[in-house]
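Descriptive structure summary
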Amino acid sequence: MRAKRLLLLLPLIAAPFVLPAQTTLRQVADQRRLLLGSAAQAGEFGGANLLAEVPYATTLSTHFNLLEGENAMKWSPIHPDPTRYNFTGADRLAAFAREQKMKLRGHTLLWHSSNPTWLSDQAKTATPQAMAATLKQHIDTVVGRYKGQIFAWDVVNEAVSDTATANGTLLRDSIWNNQPGIGLAGTAYIEQAFRWAHEADPDALLFYNDYSIEGPGGKFSAVLNMVRDFVARGVPIHGVGFQMHVTSSGYPDSAGLRQNFQAIAALGLQIHITEMDVRLPVTNGVASEANLAAQAATYSRILTICLQTPACTALQTWGFTDKYSWIPGFFTGFGAALPFDVLYQPKPAVAAMINTFQSVAPTLSSNGIVNAASYRGGAVAPGELITIFGATYGPATIVGAALDSNGLVSSNLASTRVLFDGVAAPLIYSLTGQVSAVVPYEVAGRQQTSVEYEFNGVRSAPVQVNVVATAPAIFAADATGSGPGLILTPGYTVITTADPAPVGSVVIVLATGAGSVVGGAKTGGIAQGIGQQSAAITATIGGMNADIAYAGPAPGLVNGVLQVNLTVPKALSAGIYPVVITVGGVRTQDGVTIAVR
Ligand code: XIL
């Protein structure tokens, strides 16, 4: 009896205890679509391959989605002799990134430092022509080897002088610039390196990387002038790397950093924070609690500014564990600069960054709100399927529509919501940076609607969008907004150029933005039968009027999808023709076609 009782109690006693899942930096960075990276060491300079140290590798892959060799791709380790390359460390990093599904940055192809002795020696007697040949061969070889694996390169590192000013770029003396240089005056030698890197991997993003450019001043102005000139002349440059080796004393000032980021973003360039660390005064390697708190605040402050700047697409720390950091060796009396301590335990900076990722409001802009079929922006219509681009806080992988308990298309998808005048709209899918919703029919008759985007309870500032009666567009078969339309046969197969629609046959065109339905349609409801749009509808194929057999809700699909059954004009000959539907006097987008036979 007793034994039996105990047995009955066992499931209670031994109830599986589920450890609360620890949120990782990588998870929240993925939800923000931010590349969060770290420099890593893989055995260059005769040092240990840290990737073989389990807690090192685990912490790196658990918390980061981006990786860069701290030294492995610099000239000295990768090109140790004039005719010999050593890819050991760089290959290890590339393999690790591949296995752990992390992105890989390359650092660096042209720098005054970390050059092998043979190269410095060569520079003493070589002609600029010979130096140019050496540089080109190096860039070809290294960029070529990691083509398709390295998505972004620091092509040129630290070429601008610390005493540079706005009036003309002042360049640092170096073997590549003027000692003897590669035979190109001014910034032309930098430009040449970008052009060679671009030839070696046309798909890689190419960055100019430097320090002490985080605040306004002569050096930043010089860099800005240089990259502005490059952009204006079509030099292949895609971004500026801000190293961000800082202390917690206040540099860079937030306003100045935002200003510099805006200036770079205005050129259409990306921003990567490439080498962040926040060094602290240490005694025997140990920092005070107050300083660790100040450090956490600094990491959080810089991350906040990056998250609030759409052009800031990556933030990388220069190592991640205080066990391996360049700081103690280069800044006497300083250390403890990274987010994890020497035992790989998260320091206050980690919680601060996770909290920042989870609390900074996603930005929403009215030009990111577009018709889901045409991607045209502007005013929205009741029932229109729209897509919102650029609100970067959401599910890291796409989540598709679901029905709620009332049989309506759910307005909360993986904690994403889109609100119109405070009311959550049905969602078609959600993915960070791209969410699709149905404009509630309730906006009909209003002049404007206030749109807000929300993820995990964190809401964007509202954006006002004008409301119109109709904003029609035809879905494209490949969801690009144009080309062959999403047009079906009566048997629901998609009409293609390989399988054109016969003249005289009926085809089914799928569209959205046709506005209200006679008798009303339930927002988020699934169309059960046929109905009629409030607005008048006409259609042409190849400019000829096409008879409409039906125009209204698409049975079985969410209210807001318009189905138009057209007869392909008999007078057409075989060919590819534009399809245009006019709803309430407004035409669908140009460029949608149907193949006819
Ligand atoms: C540093 C590495 O961290 C050290 O291990 C190495 O001895 C010297 O270089 N700016 C840069 C980085 O662009 O390449 C430097 O890295 C730090 C400053």
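Okay, the overall build of the protein next. Helices and strands together make up the secondary structure of the protein, namely 13 helices and 31 strands. Expressed along its principal axes, the backbone C-alpha trace of the protein runs to roughly 85 × 80 × 45 Å. Out of the 597 residues in the protein, the part that is buried amounts to 53%. Within the protein, contacts between residues separated by at least 24 positions form 71% of all contacts whose residues are at least 6 apart in sequence. Counting only carbon and sulfur atoms, one obtains 56% of the accessible surface of the protein, whose full area is about 24,600 Å². Separation between the mean location of the 35 positive side-chain charges and that of the 37 negative ones in the protein comes to 7 Å.

The domain boundaries assigned to the protein delineate domain 1 (36-272 + 312-318), domain 2 (366-467) and domain 3 (473-596). Put simply, the middle of domain 1 and the middle of domain 2, counted by C-alpha atoms, are 40 Å apart.

Looking now at the packing of helix H6 (residues 117-125) against helix H7 (residues 128-145). The description of two helices packed together rests on the angle between their axes and the distance between the axes. Closest axis-to-axis distance for the H6/H7 pair is 9 Å, and the angle between their directions is 155°. Judged by the inter-axis angle, H6 sits roughly antiparallel to H7. Classified by chirality, the crossing of H7 by H6 is left-handed. The segment H6 lies against H7, with Trp118, Leu119, Gln122 and Ala123 engaging Ala130, Met131 and Thr134. Across the contact of H6 with H7, the residue classes tally to 5 nonpolar, 2 polar and no charged.

Applying the stated criterion across every chain, the model contains 18 salt bridges. A salt bridge links Asp121 to Lys124, with the shortest nitrogen-to-oxygen separation between them at 3.2 Å. Placement of the pair is Asp121 and Lys124 together in helix H6, with a separation of 3 residues, close to one helical turn. When its relative accessible area of 66% is taken as the criterion, Lys124 is described as exposed. Notably, a salt bridge pairs Arg417 with Glu454, separated by 2.8 Å at the nearest N-O pair. Of this pair, Arg417 sits in strand E14 (residues 416-420) while Glu454 sits in strand E18 (residues 448-455), and the two are 37 residues apart along the sequence. Assessed through its relative accessible area of 24%, Arg417 is described here as partly exposed. A single salt-bridge network, built from bridges that share partners, covers Glu191, Arg195, Asp229 and Arg233.

This part takes up the site of the ligand. Around the ligand, 13 residues are found, and the nearest of them are Glu70, Lys74, His107, Glu275 and Trp318. Between an oxygen atom of the ligand and a side-chain N or O atom of Glu70, the distance comes to 2.5 Å. Within the side chain of Glu158, one N or O atom sits 3.1 Å away from a nitrogen atom of the ligand. Summarising the interface, the protein chains cover 85% of the accessible area of the ligand, which totals 410 Å² for the free molecule. For the shell around the ligand, the class distribution of residues is 4 nonpolar, 5 polar and 4 charged.

In spatial order, the strands read E11-E12-E17-E16-E13; together these 5 strands make up an open sheet with antiparallel pairing. For this open sheet the edge positions go to strand E11 (369-371) and strand E13 (399-400), each flanked by a neighbour on one side alone. Pairing analysis gives 5 bridges linking strand E12 (residues 385-389) to strand E17 (residues 434-438), with the strands arranged antiparallel. Opposite Ile386, over in E17, you have Ala437 as the bridge partner.

A large share of strand E16 (residues 427-431) lies buried, amounting to 4 of its 5 residues. With 2 bridges joining them, E13 and E16 adopt antiparallel strand pairing. Directly across from Gly400, in E16, lies its bridge partner Tyr429. Looking at chain direction, E16 and E17 are connected through 4 bridges and run antiparallel. Within E17, the position partnered with Tyr429 by the bridge is Ser436. The hairpin turn running from E16 into E17, its antiparallel successor, is 2 residues long, and Gly433 in that turn takes a positive phi close to 90°.

The next point concerns the state of the cysteines. This model, assessed by the stated rule, comprises 1 disulfide. Shown here is the disulfide that connects Cys306 with Cys312, its sulfur atoms set 2.1 Å apart. In this structure the cystine formed by Cys306 and Cys312 twists about its S-S bond by roughly -95°; its chirality is therefore left-handed. Taking relative accessible area as the criterion, Cys306 reaches 1% and is therefore assigned buried. Residue Cys312 is classed as buried on the basis of its relative accessible area of 5%.

Within strand E28 (residues 561-567), 6 of the 7 residues are buried, which leaves it mostly tucked inside the rest of the structure. Bridge count between strand E24 (residues 506-512) and E28: 7 bridges; the pairing is antiparallel. Directly across from Val506, in E28, lies its bridge partner Thr567. Where strand E27 (residues 548-553) lies against E28, 5 bridges are found, and the strand directions are antiparallel. Each bridged residue has a counterpart across the sheet, and for Pro553 the counterpart in E28 is Leu562.

Calculation notes
Residues numbered from 1 in each chain as written. Predicted model: local features only at pLDDT ≥ 70, side-chain atom pairs only at ≥ 80, totals over all residues. Heavy atoms only, no water. Helix = DSSP H or I, 4+ residues; strand = E, 2+ residues; numbered from the N terminus. Buried < 20%, exposed > 50% of the residue type's maximum accessible area, 1.4 Å probe, protein only. Contact = heavy atoms within 4.5 Å. Areas by Shrake-Rupley, 256 points an atom, 1.4 Å probe, with all protein chains shown as cover. Lys, Arg positive; Asp, Glu negative; His and termini not counted. Charge placed at Lys NZ, Arg CZ, Asp CG, Glu CD. Domains from an automatic or database assignment. Axes fitted to C-alpha atoms, helices over the stretch in contact; angles between N-to-C directions. Parallel < 35°, antiparallel > 145°, perpendicular 65-115°, else oblique. Left-handed = near helix turned anticlockwise from the far one by under 90°. Nonpolar A, V, L, I, M, F, W, Y, C, P; charged D, E, K, R; others polar. Salt bridge = Lys/Arg side-chain N within 4 Å of Asp/Glu carboxyl O. Near = heavy atom within 4 Å. Polar contact = N/O pair within 3.5 Å; in protein donor to acceptor, adjacent residues only side chain to side chain. Pairing = 2+ DSSP bridges. Disulfide = S-S within 2.5 Å.

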